[in-house]
Amino acid sequence: MEMKEPFDIEIENIVYSVFPEEEDTYVIFKEGVEYVQIIKDTENLWLKTNPETGLPMFGMDEEINAIGKKIIEELG
C-alpha cells in the first residue's frame, strides 16, 4: 500500500493537518493538536471515530463533513 504524505487544509481561518492512514481514514490535527480521526462513509458523509474504541460515531457533524470535503478537494 502506498503511504500518502500529510498535508494541511484551511477552513474558516483554522488550519487542520491531515495525516492519511488506511484507505479513507485520516487523523486530523487542529492547530497543531491531535483532534480527531475521521473516516469516509459516503461521498458526502464523513464520520469521526470513538477515540477509545476506534468505531465510527454516527451522527451529523458539519465540521467533520467540511474537513472531509476539503480532503476530497485536496486529493483531487
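Since the model is a prediction, treat every value here as computed from it, not as a measurement.

### Concerning helix 1 (residues 62-75)
The terminal C-alpha atoms of helix 1, which comprises 14 residues, lie 20 Å apart, in line with the 20 Å expected from a rise of 1.5 Å per residue. Turning to helix 1, its buried residues are I64, N65, I67, G68 and I71. Buried residues of helix 1, viewed axially, fall in a sector of 160°; they line one side. In this structure, helix 1 carries E62 and K69 as exposed residues pointing more than 90 degrees from its buried face. Residues of helix 1 that are buried in the fold lie against strand 1 (7-11), strand 2 (14-20), strand 3 (25-30), strand 4 (33-42) and strand 5 (45-49). The N-terminus of helix 1 is capped by D61, whose side-chain oxygen sits 3.1 Å from the backbone nitrogen of E63. Downstream of helix 1 by one or two residues, G76 has phi in the positive range, about 75°.

### Notes on unusual backbone geometry
Within the chain, N13 stands out as a residue other than glycine whose phi angle is a positive 65°. Of note, N13 is situated in the loop between strand 1 and strand 2. You will see that E31, though not glycine, has its phi angle at about 50°, which is positive. Position of E31 among the secondary structure elements: in the loop between strand 3 and strand 4.

### So, the packing of aromatic side chains
Per the counting criterion, the structure on display carries two aromatic pairs. The interplanar angle of 50° and the centroid separation of 5.9 Å between the aromatic rings of Y26 and W46 together place this pair among those described as tilted. Here Y26 is found in strand 3, whereas its partner W46 is found in strand 5, with 20 residues between them in sequence. W46 shares its class with Y26; the two are buried.

Procedures and definitions
- Residues numbered from 1 in each chain as written.
- Predicted model: local features only at pLDDT ≥ 70, side-chain atom pairs only at ≥ 80, totals over all residues.
- Heavy atoms only, no water.
- Helix = DSSP H or I, 4+ residues; strand = E, 2+ residues; numbered from the N terminus.
- Expected span 1.5 Å × (residues − 1).
- Buried < 20%, exposed > 50% of the residue type's maximum accessible area, 1.4 Å probe, protein only.
- Arc of directions from axis to C-beta.
- Contact = heavy atoms within 4.5 Å.
- Polar contact = N/O pair within 3.5 Å; in protein donor to acceptor, adjacent residues only side chain to side chain.
- Phe/Tyr/Trp six-rings, centres within 6.5 Å; stacked < 30°, edge-to-face > 60°.

Just distances and angles here, no functional claims.
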